Amino acid sequence: MRFSGKNVLITGSSRGIGAQIARVLASHNIKVWINYKSNANLANDLQEEILSKGGNAAVIGFDASDEVAFREALELIKESDGEFSYLVNNAGITNDKLALRMSVDDFMQVVDANLKSCFIGCKEAFRIMSKQKMGSVVNISSIIGEKGNAGQTNYAASKGGIIAMTKSFALESASRNVRYNVITPGFIDTEMTSRLNQDVMDIYLKNIPLARFGKPEEVANTVAFLLSDYSSYITGEVLRVNGGLYM
């Protein structure tokens, strides 16, 4: 793949899908900024792994739902590298329970961590990218944001909001040659899905046409495509990486 930009910030990238996105983008000679909120050790280990393979990586710790911290982080990246080319808004949490048992605090905790952080990232990235007249943002949503799920009202609202918000940013930013796209992963083989019991996994697998969970690198490769010059005429798009579970 071909990339016009030189660097990328990936929020929530010390582990899971975010870490795999960092590995894949580093393999394309993009400098990756690994963001973490609380676990510096994991982020540092990932940085060392990428550097050992000849990639370029830096670690930057901040809470993605903190507007000031996010803005300062992007300014630091631009000052360090001379540009800020790509952003992947990947940070997110879950706090599952049935809606009638869910407090407003339970709801807003997830919305703040997932949707609010994504809005801040999109907005602050555009401040810089619009002046450069170049940039690409990929937001990580979820299949749950498209179809909903019992026990995940807060998560579904946050991820559905990311889809609509991405389209709005794409409309506002197109004249400055800045693109916004969104990926909606289905069930991906990560630490989160590994905690499911086998009966639950079997039920999900029966409903996936490709008859398997996705791999983190399959999401990461889709992110790389949407950031790259190969997708230069794509903006405001939703790319489903779900094995056909939701079409």
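Residues numbered from 1 in each chain as written. Predicted model: local features only at pLDDT ≥ 70, side-chain atom pairs only at ≥ 80, totals over all residues. Heavy atoms only, no water.

Novice: What's the story with helix H6 (residues 153-173) in this structure? I'm lost.
Specialist: For an α-helix, 3.6 residues make a turn, and residues three or four places apart therefore share a direction. Look at H6: 30 Å from first C-alpha to last across 21 residues, which is about the 30 Å you get at 1.5 Å a residue. Asn154, Tyr155, Ala156, Ser158, Lys159, Ile162, Ile163, Met165, Thr166, Phe169, Ala170 and Ser173 are the residues of H6 that are buried. On its buried side, H6 packs onto helix H4 (104-132), strand E5 (135-140), helix H5 (144-147), strand E6 (178-185) and strand E7 (238-241). (Helix = DSSP H or I, 4+ residues; strand = E, 2+ residues; numbered from the N terminus. Expected span 1.5 Å × (residues − 1). Buried < 20%, exposed > 50% of the residue type's maximum accessible area, 1.4 Å probe, protein only. Contact = heavy atoms within 4.5 Å.)

Novice: Just to check I follow, could you spell out the UniProt feature "binding site: NADP(+)" (unreviewed entry) in the protein chain for this structure?
Specialist: Taken from the UniProt record, the annotation "binding site: NADP(+)" (unreviewed entry) applies to Gly12, Ser13, Ser14, Arg15, Asn90, Tyr155, Ala156, Ala157, Ser158, Lys159 and Ile188. Taken together, the annotated residues stretch across 177 residues and extend over separate regions, lying up to 24.7 Å apart by C-alpha. Within the secondary structure, Ser158 is located in helix H6. Judged by its relative accessible area of 0%, Ser158 is buried. Apart from residues lying up to four places away in sequence, Ser158 is in contact with Val110, Val111, Asn114 and Leu115. For Ser158, the side chain forms a polar contact with the side chain of Asn114, separated by 3.1 Å. The buried category is assigned to Ile188, whose relative accessible area is 4%. Not counting residues within four places of it along the chain, the set of residues in contact with Ile188 comprises Ile17, Thr193, Gly214, Lys215, Pro216, Val219 and Val241. (UniProt positions renumbered as here; feature names shortened; annotations may be inferred. Polar contact = N/O pair within 3.5 Å; in protein donor to acceptor, adjacent residues only side chain to side chain.)

Novice: Explanation requested: the sheet that holds strand E4 (residues 86-89) in the structure shown.
Specialist: If you trace the 7 strands from one edge of the open sheet to the other, you get E3-E2-E1-E4-E5-E6-E7, paired in parallel fashion. The strands lining the two open edges of the sheet, one partner per strand, are strand E3 (57-61) and E7. Neighbour-to-neighbour, the strand axes of the sheet open up by a mean angle of 20°, direction not taken into account. Of the strand pairs in this sheet, strand E1 (residues 7-10) and strand E2 (residues 31-36) are connected by 4 bridges, and their pairing is parallel. Bridge pairing in E2 places Ile10 opposite Ile34. (Pairing = 2+ DSSP bridges. Axes fitted to C-alpha atoms, helices over the stretch in contact; angles between N-to-C directions.)

Novice: Any chance you could explain the packing of helix H1 (residues 16-27) against helix H2 (residues 40-52) here in plain terms?
Specialist: When two helices pack together, you describe them by how their axes are tilted relative to each other and by the distance separating the axes. Packing of H1 against H2 leaves a shortest axis separation of 10 Å and a crossing angle of 20°. When the interaxial angle is binned, H1 and H2 end up roughly parallel. For the pair H1 and H2, the sense of crossing is right-handed. On the side of H1, the interface is formed by Ala19, Ala22, Arg23 and Ala26, while H2 contributes Leu46, Glu49 and Ile50. (Parallel < 35°, antiparallel > 145°, perpendicular 65-115°, else oblique. Left-handed = near helix turned anticlockwise from the far one by under 90°.)

Novice: Which parts of the structure should I look at to understand the environment of Gly151?
Specialist: Here Gly151 is to be found in the loop between H5 and H6. Gly151 sits 140 residues away from Thr11 along the chain, and the two C-alpha atoms are 25 Å apart.

Novice: Help me understand the pairing of E6 in this model?
Specialist: Along a regular strand, successive side chains alternate from one face of the sheet to the other. By the criterion of burial, E6 is predominantly enclosed, with 8 of the 8 residues buried. A two-sided burial pattern is seen for E6, the buried positions comprising Val178, Tyr180, Val182 and Thr184 on one face and Arg179, Asn181, Ile183 and Pro185 on the other. Where E5 lies against E6, 6 bridges are found, and the strand directions are parallel. What sits directly across from Val138, in E6, is Asn181.

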